[in-house]
Structures are given as C-alpha cells and as structure tokens.
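Okay, here's what each chain looks like letter by letter:
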Amino acid sequence: MRAAKLKKEERALETKWFTLRTPENEESIAQAADILRRGGLLAIPTETVYGLGANGLDENAVLHIFEAKGRPQDNPLILHIPDASWLTCYCEDVPEAAYRLAERFWPGPLTMILKKKPCVPLRTTGGLETVGMRCPDHAVTRAIIEKAGVPIAAPSANTSGRPSCTTAEHVREDMWGKIDGIVDGGACEVGVESTIIDLTVTPPQLLRPGGLPLESLQDALGEVTVDKAVTQKMGEGEKPRAPGMKYRHYAPKAPVTVVTGGAKASARYLLTHASEDAGVICFDEFVPLFAGHIVHPLGASDDKRAQAQHVFDALRTFDETNVGEIWAQCPDSKGLGLAIGNRLKKAAGFHTEASDDGKTVVGITGGTGAGKTSLLHALEREGACILDCDKIYHEMLESDESLRKALRAAFGGTIFRADGSVDVHALGLIVFQDAEKLASLDAIVRAHVPRECARRMAESNAKLIGLDAIKLIECGLGAICDATVAVTAPEEVRVRRIMARDGITEDYARSRVAAQQSAEYFRARCDREFVNDLPTAAEAAAAAEDFIHTIIKNFKEETKHE
Ligand code: AMP
Ligand code: MG
C-alpha cells in the first residue's frame, strides 16, 4: 500500500461528549451519525471495549484514526456493521460458515476475517486483501451505524500501546482534543476485545482470543486451529496472521510477571516472589493476603466474566502509582480464560512463571483450648510440615528487618531493647490501651506474616502443610488453604483445658475464652469443623486421625477428577 505520511502536528479538535445510554435518543444519534458521515472521529461504546470509529470507506477519515491512536499503519481495522445482511456489500465469496456464525453469535464479540471487496480501502485493512467484520452487541452503537449508513472502522479507542478503554472516562484520558466526540454508553459489559476468526483459511483459525470463547467456535465449526501468537511471543521476523498481535500491546509502565497455575498455588507463589514495592493483580479472594501491596482485584477466581471486565482496568491503574513491578495471577485457558490470560501475558511480554507446587495446605484455626493440637499432631503423623503462625511472628520480630522497620515507624524506638530485640510487653502496653494502635499493629502483622508463611511452605520439602493460625481468616491465609478447619469445643471444656494446661485460675481462664471469637465465628468462616469435645487425649487423637484421613482422601479424589 502507499506509505502515508502521518501529519506531524497534532490536530486539536473540540471533543464533544454524548451521554447516550439508550437508543431512544434520536437527536443525539443523528448528531453522532452525522460526525461519522462527514468523515469525523467518534469514540463509540461496544459490549467489548470502546471503539474509535470513522467511516471505513473514507481513506482520509481512516487515516485520522491511525493518527489519533498513534497506530502503526500495517495494523488493520475492523469494520462494524449493524447486521449480517451488510456482509455482501464489503466482502467477496462469503462462506456459509460466516452466516452460520453470524446467526449464532451476532450481535456479539466475534470478528470474522473475510475476503474484501474493492470498495474497502487498503488503508482500512492495513494493506491486506482481507477484512475483519463484526456486528457489536450494543444497541446505541448499532443505531448510530445504521443511521450513518456506512460501515464503521473502529479499533480500540486507546492510544496505541495502552490498555484498551472499557469506560468513556478512559477514552477521555487518551483521546480528548484529538477526536470529534465520545459517546458515553457506560462501562463495557465484556471488557476484552472481540474474538477474531479467520474464515479465509481451512480449517478456520483463531487469530485473537476474545469475548467469545474458542469452545463456542469449535462447537459451531468443528476444527479450529489457534495462531501461535495467541500463546507465545513472536520471534524476530515471524509474522502472526493478525498483524496486531506482533505489537506489544497493553503494556503498563512497570514490568509485568504473569503467574500461571491453580489459584491457590499462584497466590502462594506471588506472595513469596513479589517484591515489597510490587503492585499485585489477584483474584478477589486473595486481596486481604496482599495487604502490604497496592492491589487491583481481577474478579473472583471462578468468575471469568468479572475478570474479563477488570483486566484492562487493572493494567491501567498501576500507571498512576510508583510500583516497581507488577505481578498478576492468571486464570486457566478455558472459556474466557484464554482471552484474559492472553491480555495479561501480552502486557508481560509473555513473561510467565509456573506456580503449581503439588502441595496441599490445611489451615487449622479455633480459639484457645479448643484442641487444635490434636489435628496438628494427626497432620504431622501424615508427614505434614506444621507452620505455627504465632511462632513465626515472634521469630520475625527478631529477624525480619522489614517487619521491624514497620514497627519502629509505627510505635517508635521504645519497643526495642538495647540488644535490638523487641520488647513485646512494651508493645502490648502501647496497643492494648489504644484501639487505633492495635489496628495499626494488626495491619503491620497482616502485611508481613503471610509472606513469611508462604516462603516457609515453598522451602519445605513436605507435600502436605498444616497451618496453625488463630487469625487464619483475618490475615488472608485461609484463601490459600486447600481446606480450612474450625476446631471447636464447648466453652466449659475449653475453660477446664486451659486451666489445667496453663495452671491458671478459673476466672482468668474464663476471661481469656470470653475475649476470643465464638465457635460460631470460626465455623462460619471455614470449610469444615472438627468438634473436639472428647474426654481423653487418646480419643481426641483417634478422631483427629480419622478426620485428617477423610480430608486427604477427598483431595486425592478431587485431583483425580481434574
Ligand atoms: P483493535 O481494533 O485495535 O483491537 O485491532 C484490531 C485487530 O484485528 C488487530 O489485531 C488486527 O491485526 C486484527 N485484524 C483486523 N483485520 C484483520 C485482517 N484482515 N486480517 C487479520 N487480522 C485482522
Ligand atoms: Mg487495540
């Protein structure tokens, strides 16, 4: 194609803002359509991400898209149409499969690559004889295109190299003054771009995973191959079939590492490997675990729709912070996971690390005297490595410089003895009279202890880990356990036990039990309960052994089914 010179000086346009959430607003739709018909640039909402639209048949208008985005001109644009009947206007030899897909998935997040007709300028297709066609599932946008009466070329409305825009506000950040209008249709429902399938080859080939799962395409078409660029970095000189795939898209300023593997294993991995100034993109249930970091939740680990909606927002937000690196959890490749993982990996330049450690972690929690020890001993007899979080905390007080620094900053030097050790009594005196200071100590502990627990898990050769923590749930560690067990016993039993164990008076034993959370509290927050009201140690040990065997048997069955 002719090499077009991009104008050096930026065109300063007066950008108009349209708030158009329903297709009923005829007048605004007519105004928006008019901008497009007259060769202007208009950001439009779609179900996937915001598009930067222009008349796809008007070379000059299309050139302005490339200018506004700073997009390389060999990166083709997708033509948006209001329904499949428009296909024959712009595409040659439309195969039956295209109509089959349109019937099933349009309007929707699917782009089909077809042979272009001469009326589609090479400027639009990046010099290719093929063209990407899509019908967006957004009533306002379809109404605008219908009214404009021309196919709308629309790449994502971000500056080239930045994450795609999923809100009109994102578009404003990137495009204000460079385009004629922004149609605000609210937040995008899908959040990742369309799936691109090339129908000009046999079998059809997936060029970009997106809002429509690969499995749906396979269901409709039978065999579908996947372009190498979807899962790995392109080598020098290698050319992916979707030209856009060769560009390092969606790159935040800080370098990104993507951690693959099961959600719990990857959370554990991230916790041990992310440096203190790292930003973290994690599944919702792990947010409390990363208390010491700037965190952007991706969505619950079992909710890929939510993850797709949040992935670009997550990549975008860190640019306003000064994180030194970004670590991200990654879903598996099933369904929308292929697209979500692909966007994260592209942001990381395909820098990924695998986390599956084959470990099983059992978290044991419950109040004083409830009898956690019976279960911990049973785990130990199964070869488990037992990590006592309270003990780890006390060891860290002496050896962990980062924790000690945080304590010094919050409570001053008076909590340190002359030999550098922490005077826990002095610390206790400060925090037990002041709720705010206690909360601050809690926050410091939560930001440091889980990391050390995860480090010790990784360091241990044991495949089974028992985590002993009265604040298992509060410190976020519950989320990385494969099972959490609440150990409970009637209050009377607990009082007798701690009187005997610690040689204390009944009144004192009662006040200690009363100061802790109830059995109900632990029960409600754990997967299982072990009621330890057995009269003798031997009976408790036997019951604990049975209980642990059942848990281990369940794990084995679960892994068999995976
Ligand atoms: P964007 O709209 O910015 O998400 O980019 C559109 C994507 O569609 C780019 O990755 C393009 O490379 C791809 N694309 C558009 N048209 C074609 C085509 N004719 N052949 C292959 N890929 C295409
Ligand atoms: Mg894009």
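A brief report on the enclosed structure follows. Since the model is a prediction, treat every value here as computed from it, not as a measurement.

Scoring rules and cut-offs
Residues numbered from 1 in each chain as written. Chains lettered and ligands numbered in written order. Predicted model: local features only at pLDDT ≥ 70, side-chain atom pairs only at ≥ 80, totals over all residues. Heavy atoms only, no water. Near = heavy atom within 4 Å. Polar contact = N/O pair within 3.5 Å; in protein donor to acceptor, adjacent residues only side chain to side chain. Areas by Shrake-Rupley, 256 points an atom, 1.4 Å probe, with all protein chains shown as cover. Helix = DSSP H or I, 4+ residues; strand = E, 2+ residues; numbered from the N terminus. Nonpolar A, V, L, I, M, F, W, Y, C, P; charged D, E, K, R; others polar. Pairing = 2+ DSSP bridges. Axes fitted to C-alpha atoms, helices over the stretch in contact; angles between N-to-C directions. Contact = heavy atoms within 4.5 Å. Salt bridge = Lys/Arg side-chain N within 4 Å of Asp/Glu carboxyl O. Buried < 20%, exposed > 50% of the residue type's maximum accessible area, 1.4 Å probe, protein only. Parallel < 35°, antiparallel > 145°, perpendicular 65-115°, else oblique. Left-handed = near helix turned anticlockwise from the far one by under 90°. Core = buried A, V, L, I, M, F, W, Y, C linked by side-chain atoms within 4.5 Å. Phe/Tyr/Trp six-rings, centres within 6.5 Å; stacked < 30°, edge-to-face > 60°. Lys NZ or Arg CZ within 6 Å of the ring centre and 35° of its normal.

Let's talk about the site of ligand 1
Inspection of the region around ligand 1 gives 20 residues, with Arg-71, Thr-130, Pro-155, Arg-208 and Gly-244 positioned closest. In the environment of ligand 1, an oxygen atom lies 3.3 Å from a nitrogen or oxygen atom belonging to the side chain of Ser-156. Relative to its free-state accessible area of 490 Å², ligand 1 is covered by the protein chains to the extent of 97%. Where the shell around ligand 1 is concerned, the elements lending two or more residues are β7 (130–134) and β11 (205–208). Looking at the shell around ligand 1 element by element, the count peaks at three residues for β7. Class assignment of the residues belonging to the shell around ligand 1 gives a composition of twelve nonpolar, five polar and three charged.

Structural notes on the sheet that holds strand β17 (residues 352–354)
Pairing is parallel in the open sheet, where five strands are placed in the order β15-β14-β16-β13-β17. Single-partner strands in this sheet number two, and they are β15 (294–297) and β17. Shown here is a sheet whose adjacent strand axes are inclined to one another by a mean of 20°, direction ignored. By the bridge criterion, three bridges tie strand β13 (residues 256–260) to β17 in an arrangement that is parallel. Looking at β17, one finds that Val-258 is bridged to Thr-352. Against the sheet, helix α8 (residues 263–273) engages β13, β14 (278–282), β16 (325–329) and β17, with an angle of about 165° to β16. With respect to the sheet, helix α10 (residues 337–347) is in contact with β13, β16 and β17, its orientation differing from that of β13 by roughly 145°.

Details of the pattern of salt bridges
A complete count under the given rule lists 39 salt bridges for this structure. Between Arg-316 and Asp-174 there is a salt bridge, with its nearest N and O atoms 3.1 Å apart. Of the two residues, Arg-316 is situated in helix α9 (residues 304–317) and Asp-174 in helix α6 (residues 168–175); the sequence distance between them amounts to 142 residues. With relative accessibility at 7%, the residue Asp-174 sits in the buried group. Close ionic contact of Arg-446 with Asp-442 constitutes a salt bridge, the shortest N to O distance being 3.0 Å. Linking Arg-446 with Asp-442, this pair stays in helix α15 (residues 435–459), spanning four residues, or about one helical turn. Taking the relative accessible area as the measure of exposure, Arg-446 reaches 26% and is therefore partly exposed. Here the residues in one salt-bridge network are Lys-391, Glu-395, Glu-452, Arg-455, Arg-456 and Glu-459, joined through shared partners.

A word on α8
Each α-helix turn comprises 3.6 residues. Residues three or four places apart therefore point the same way. Buried within α8 we find Ala-265, Ser-266, Ala-267, Arg-268, Tyr-269, Leu-270 and Leu-271. In this structure, the buried residues of α8 make contact with β13, β14, β16, β17, β18 (360–365) and α15.

A look at the packing of α9 against α10
One way to put it is that α9 packs onto α10 with a least axis distance of 9 Å and a crossing angle of 15°. Overall, the two elements α9 and α10 adopt an arrangement that is roughly parallel. The interaxial crossing formed by α9 with α10 has left-handed handedness. Taken together, the residues of α10 that come into contact with α9 (itself represented by Lys-304, Gln-307, Ala-308, Val-311, Phe-312 and Leu-315) are Gly-337, Ile-340, Arg-343, Leu-344 and Ala-347. Split into classes, the residues belonging to the contact of α9 with α10 amount to seven nonpolar, two polar and two charged.

A look at the nonpolar core
Across soluble globular proteins, you tend to see nonpolar side chains buried next to one another. Within the largest apolar cluster, 76 residues are counted, with the highest numbers of intra-cluster contacts made by Leu-101, Met-112, Met-133 and Ile-144. Discounting chain neighbours no more than four positions away, the residues touching Met-133 are Ile-78, Leu-79, Ile-81, Leu-87, Tyr-90, Cys-91, Trp-106, Leu-110, Thr-111, Met-112 and Leu-114.

Focus: the packing of aromatic side chains
Within the structure shown, the criterion is met by three aromatic pairs. Their ring planes at 45° and their centres at 6.3 Å tell us that Trp-17 and Trp-176 sit as a pair that is tilted. With Trp-17 in strand β1 (residues 16–19) and Trp-176 in the loop between α6 and β9 (181–184), the pair connects residues that are 159 residues apart, well separated along the chain. The exposure class assigned to Trp-176 is partly exposed, which follows from its relative accessible area of 40%. The ring of Trp-17 is capped by Arg-172, whose NZ or CZ atom sits 4.6 Å from the centre of that ring. Between the NZ or CZ atom of Arg-172 and the centre of the ring of Trp-176, over which it lies, the distance is 4.8 Å.

So, unusual backbone geometry
For the peptide bond that leads from Trp-106 to Pro-107, omega is -10°, which places it in the cis range. Here Thr-202 and Pro-203 are connected by a cis peptide whose omega angle stands at -10°. Summarising the element assignment, Pro-203 is placed in the loop between β10 (195–198) and β11. A positive phi angle is found at Asp-93, which is not glycine, with a value near 45°. Looking at the secondary structure, you find Asp-93 in the loop between β5 (91–92) and α4 (96–105). Overall, the relative accessible area of 55% leaves Asp-93 in the exposed class. Not every positive phi belongs to a glycine, and Phe-350 is a case in point at roughly 65°. Summarising the element assignment, Phe-350 is placed in the loop between α10 and β17.

Function-wise, these values are silent; they only describe arrangement.
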